[in-house]
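Overview (structure and organization)
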Amino acid sequence: MRKRWRESEWGRIRKQQKQGTGTGQKWVGGSFDVGVFLGVDVLDQELPLPPASPPDIVFREPSPSARPPISTQSPSAEAETFVTAPSRASTGPPIPHGRPPEVHAGIVDSSPNSSTALLAASGAEAARDTHSEPGSSFLEPNTSGSGLGVDDASRRPPLDDARRSSKGKNKDVRFSQDIPAPPREVLARTGSAVKTTSAGAAEQQNPEESVPWGGVIMRDRMLVRISYTEDSVSPTFDERQNRTTRHLETNTWKEYLVAWRKGRIEIYRDHVIPGKEWLLGTKCLAFVVPLSSAATRLSLYSFLDLSFCLTCPPVPLQGESSRRHRIFGTSRGTNIFVFKLKSRTRAVDWVWQMWRAMGGQLPPSIEINITALDTRVTIDVPGHDAGDIDAAYDVFQKKNITQLIETRLREAPEYRSLLEREQAAGTEFEFAWRHDTDLDWVWRERTVVDEPRKWAMLSGLALRQADRPAHLEFHKKRHVYTTMYMKDRTRLDEPHGIEGYVDRIRPNSQTRQSLFLTTHDGYIFTVAPLHAHPPAPPGAPVDITNVDKSVTSFHSHSHTQDTRHRAEIRRGRMQILQAAGVSDLRNVVFVRRAFQPVPQPRENANIRKLTDWEDSPEFWDAVDRSESDDEDAGGDAPMNVHTDKAHLRMRRSFELVLASGRVIRFEAYSCSAALEWITRLRQLVSYWKKRHQADARLEMDIAHVSTGRERITPHKPREEHHHAGAHEMPTEPPPDRDAALPDLSFFYNWCVLEGCRPILKAGRLYGRKGLYGQYKHIQLVLIAGHLVQFHITGRASLYHRKDKVFTLLDAYVCSGYFAAQYLPDGQYDANAPPVARRYQDGLETDDCEEDTLFVLWFRKVRGAAPGVRRNSNGAEVPPLSAKRSVAVFRTRSKLERDAWVWAINVEIEKLVRASREREEAVRQAGNLPPCRAH
């Protein structure tokens, strides 16, 4: 036998490896026959049973999770049953007395090779603790619902057919009434036939199985921050633990090219020496993260940013052990890598695929919280114990789960009427993964490279931060609401905006300045007449060349309506992008008709006493009207023939009185146009002041329920809540952190996702110029692809000049502690106590600075930047070392910060998908060196 071993192919290659003449990893063996060793078929040998008493066999019904709860197709009665060749399997640890042995779907050999069929076990530990043993058979779960029960004695196989371990205890016995398939037939299966086998299940469970050695599984450009500590860190390292971990050495942010190869993550940068990349033809390998190491841990760093973290011991680069090839020059301690991608869905795909490759297991069931009805539905995950990920993918599709939930709700009388009422009102429902007060909608079912995202519904299982998993919720698909109700149940509808050409009259010099005024979402923008983008005349054809391509698939009347709507949205975006200034309509106290021929710069009355001026009689004073208003045709012709030109100009003018007392006068085209401006602006000012107050109350309610903190100002219930004979108002019920928060969909509304309005988000924030400037009050407006910043001047003026326009192409947005670490020393104090604050709209917050901070890392696009090359598609590919700028922002509260970061991330996601060819060129830019053994 020893001689035959030396003369075999294995013996010769072993001898070459010892002599150092081998050629690396190479397949050895001329046969794929299972059990053929040195020409001897060990499977044909008769294996005698050990002389022992028959084992105690306990039968049990298959786990309910092994049976799919729903299916798009009925199971076939002639489903193929796969049985591997006979093998031995250890039974694992002793089973407690009285507990039946658990029937798994299969066992993974600890040393797999090409002649073994694999099926994922229940965990990585099970794969390491099992070994091959002839004598037992594997049988896949019976998906038809039949199984061996306790009373099925007539269906039990003879005990002589059961194989047991040589030790005769802890038996893990599996029975098959079918004839085992020959090994050659098993190994010859391909395509869909493999999916129903244990080998196919193992390949589905681990994405690395489908890629050859050295191949790239995924690669992207990412923002990476690298830290090191001599101490060990928690396996679930996130931003909260990062804040409390001591003795951390942290490098600054940098953009790297991150490639996932089989068993490792490789991080590349540009060469420091100019021309070295051209000479070598590859990027410079900077860091390596071994995924195959048991000490490597994957965790979610921030659910809001969708940044993830990998922690591992220091490893040398390219298999070398020198200190200079290790991060921070040591082999002890822990390396911490935090990754941030531009696209949120792409980041989810990275986390999901790595989570699966590193042993992530599907749960037996998933609980879905129906927030609108305050109930929950639990759905079993098929194939969770067998590693059949495709079965879970087939079931957990948005349309399938939606139909299942609606069917179950209709079966319950108490929910049927509620569901029918919502559907009658045209309500649509969508799924979202929630963590605290952050929502991640399931809205993209294809990847950024236009491939199916089968895991879109299940990807939230991998999003676990601070030992708190994300929860799947069923929310109403809400857009920005346009109807609100006051405390007395008075209904207020959002008024229509107004726009047009006017002349601003300077109070001192009486000079005239031509402007175009337009209102959007409670803000009034000033645009130069040259860039006014006025509305098209009635009946004019719509220019569809400048409208989104997504609307060209519609037809007939719906196509025309949607095209016009998209054209109006695009026109509003261009107005905002080219606006010279903006002002909040809440600063307006009065809108009145001019009553003095010469305008006054300030109002003499004490208007500061009017806190709710939109409800005061002065605000809604009757407008001075006369018959001559209708006789004014407008323009210069009536003005030239009028005897009292100053009086006519006064009748054509209207004034805005600001909260500061300043008076701004505008002259319209005609008297009737001036009256139209007064009526419409009064409605807009009144509505948007009440709207901001309602939003502030809603935000404080959500923060109170979600965090459990006491309100800064105690909530006073309404008078009708008094108890009979009580002298004090009842106290507010304690908050429930696990309660459903259906109102979150107002802050994470679908207008941001679908772009239904010109302004995606707008508000007052605090921004700073550079990293060392002081925070200043700014007005920030998010539109398609851009973030427009207006500087609020210290003068008591109506308009705030445009300051900056940030292009979101190639931009990253980071928040919380990740953003705070980028600030220079002394700019952030983690131990600073929170300070209670109250704002104009009634919002009261006491969030700390870290919870209100976010940073935009962007690249200024001014033509072709230095070092930018163009590929065959004309796509700009900036180098990794391209210069970038940073904008620092602070919001008023944490929920407001989260909504801003989410909205900006959504817009970046849209840009990535809209420029797919360009992003693919950026992703593939730079050659990688060949993979070396590690």
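Residues numbered from 1 in each chain as written. Predicted model: local features only at pLDDT ≥ 70, side-chain atom pairs only at ≥ 80, totals over all residues. Heavy atoms only, no water.

**A few points about the overall build of the protein chain**
- Broken down by element type, the protein chain carries 22 helices and 39 strands.
- Counting every position in the protein chain, which comprises 934 residues, the buried fraction comes to 47%.
- Considering only intrachain contacts with a sequence separation of at least 6, the fraction spanning at least 24 residues in the protein chain is 72%.
- Carbon and sulfur atoms make up 50% of the accessible area of the protein chain, which totals about 47,800 Å². (Helix = DSSP H or I, 4+ residues; strand = E, 2+ residues; numbered from the N terminus. Buried < 20%, exposed > 50% of the residue type's maximum accessible area, 1.4 Å probe, protein only. Contact = heavy atoms within 4.5 Å. Areas by Shrake-Rupley, 256 points an atom, 1.4 Å probe, with all protein chains shown as cover.)

**Comments concerning unusual backbone geometry**
- A positive phi angle is found at Leu 306, which is not glycine, with a value near 55°.
- Counting through the fold element by element, Leu 306 comes out in the loop between β10 (297-302) and β11 (307-312).
- Unlike most non-glycine residues, Asp 450 shows phi in positive territory, near 65°.
- If you trace the backbone, Asp 450 turns up in the loop between β16 (438-441) and β17 (464-465).
- According to the relative accessible area criterion, Asp 450 is partly exposed, its value standing at 37%.

**Comments concerning the packing of aromatic side chains**
- Under the counting rule described, the total for this entry stands at 27 aromatic pairs.
- For the pair Phe 337 and Phe 339, a centre-to-centre distance of 6.3 Å together with 20° between the ring planes defines the contact as stacked. Each of the two residues, Phe 337 as well as Phe 339, counts as buried.
- For the pair Phe 806 and Phe 858, a centre-to-centre distance of 5.0 Å together with 70° between the ring planes defines the contact as edge-to-face. Of the two residues, Phe 806 is situated in strand β32 (residues 800-807) and Phe 858 in strand β36 (residues 853-858); the sequence distance between them amounts to 52 residues. Accessibility assignment for this pair places Phe 806 and Phe 858 in one class, buried.
- Three or more aromatic residues link up through ring pairs in this structure, and these residues are Phe 237, Trp 253, Tyr 301, Tyr 812, Phe 818, Tyr 822 and Trp 857.
- The positively charged end of Lys 477 is found above the aromatic ring belonging to Trp 750, 4.8 Å away from the centroid.
- One cation-aromatic arrangement involves Arg 768 over Tyr 775; the distance from NZ or CZ to the ring centre is 4.8 Å. (Phe/Tyr/Trp six-rings, centres within 6.5 Å; stacked < 30°, edge-to-face > 60°. Lys NZ or Arg CZ within 6 Å of the ring centre and 35° of its normal.)

**Describing a nonpolar patch on the surface**
- On the surface, Trp 278, Leu 279 and Leu 280 cluster together into a nonpolar patch covering about 440 Å² of accessible area.
- Here Leu 279 is to be found in helix α8 (residues 276-280). (Patch = residues over 30% accessible without salt bridge, like charges linked within 9 Å, V, L, I, M, F, W, Y side chains within 5 Å. Salt bridge = Lys/Arg side-chain N within 4 Å of Asp/Glu carboxyl O.)

**Examining helix α22 (residues 916-924)**
- Buried within α22 we find Arg 918, Glu 919, Ala 921, Val 922 and Arg 923.
- Tucked inside the fold, the buried residues of α22 contact β5 (216-229), β7 (254-261), α9 (344-357), β38 (876-877) and α21 (894-914).
- Of the residues one or two after α22, Gly 926 is the one with positive phi, at around 100°.

**Here's the deal with the sheet that holds strand β15 (residues 429-435)**
- The strand order β14-β13-β19-β15-β16 describes an open sheet built from five strands, whose pairing is mixed. The sheet is open, and its two borders are formed by β14 (375-380) and β16, each paired with just one other strand. When strand polarity is set aside, the average angle formed by the axes of neighbouring strands in this sheet is 35°.
- Pairing of β15 with β16 involves four bridges; the strand directions are antiparallel. Note that in β16 the partner of Arg 434 across the bridge is Leu 439. (Pairing = 2+ DSSP bridges. Axes fitted to C-alpha atoms, helices over the stretch in contact; angles between N-to-C directions.)

**Describing the pairing of strand β13 (residues 365-370)**
- As paired strands, β13 and β14 are joined by six bridges and run antiparallel to one another. In the sheet register, Ser 365 faces β14, and the bridge partner there is Asp 380.
- Hairpin connection of β13 to β14: four residues between the antiparallel strands, including Asp 374 at a positive phi of 55°.
- Across three bridges, the pairing between β13 and strand β19 (residues 471-476) is parallel. When the bridges of β19 are listed, Ile 370 appears paired with Phe 474.

**Considering the packing of helix α11 (residues 398-411) against helix α12 (residues 413-424)**
- In the contact formed by α11 and α12, the axes pass within 6 Å of each other and the chain directions differ by 125°. Classified by the interaxial angle, the pair formed by α11 and α12 is oblique. Contacts between α11 and α12 involve Glu 406, Leu 409, Arg 410 and Glu 411 from the first element and Pro 413, Tyr 415, Arg 416, Leu 419 and Gln 423 from the second.
- The residue inventory of the contact of α11 with α12, partitioned by class, reads four nonpolar, one polar and four charged. (Parallel < 35°, antiparallel > 145°, perpendicular 65-115°, else oblique. Nonpolar A, V, L, I, M, F, W, Y, C, P; charged D, E, K, R; others polar.)

**Section: the state of the cysteines**
- Across all of its chains, the model carries zero disulfides by this definition.
- Among the cysteines around Cys 309, which has no disulfide bond, Cys 312 carries the closest sulfur, lying 9.5 Å off. (Disulfide = S-S within 2.5 Å.)

**Observations concerning the nonpolar core**
- One finds Ile 265 and Trp 350 to be the most contacted residues of the largest nonpolar core, which totals 62 residues.
- At seven residues, the largest contribution of residues to this core is made by α9.
- Once you skip the residues sitting within four places of it in the chain, Trp 350 turns out to touch Met 218, Arg 219, Asp 220, Met 222, Val 258, Trp 260, Ile 265, Phe 308 and Leu 341.
- Core analysis: the next-biggest nonpolar cluster, separate from the first, contains 39 residues, Trp 441, Leu 780, Val 813 and Ile 908 among them. (Core = buried A, V, L, I, M, F, W, Y, C linked by side-chain atoms within 4.5 Å.)

**Observations concerning the confidence of the model for the protein chain**
- Overall, the predicted model of the protein chain reaches an average pLDDT of 75, with 69% of residues at or above 70.
- Counting interchain partners and residues more than four positions distant, the pLDDT-below-50 stretch residues 198-203 has 24 contacts.
- In this model, residues 544-557 is a region of pLDDT below 50 whose contacts with residues beyond four sequence positions or in other chains number 14 contacts. (pLDDT = per-residue confidence, 0-100.)

**Section: the side chain of Thr 229**
- Assignment of secondary structure puts Thr 229 in strand β5.
- Side-chain polar atoms of Thr 229 contact the backbone nitrogen of Asp 231, separated by 3.3 Å.
- Not counting chain neighbours up to four residues away, the residues in contact with Thr 229 comprise Arg 246, His 247, Leu 248, Gly 333, Thr 334 and Ile 336. (Polar contact = N/O pair within 3.5 Å; in protein donor to acceptor, adjacent residues only side chain to side chain.)

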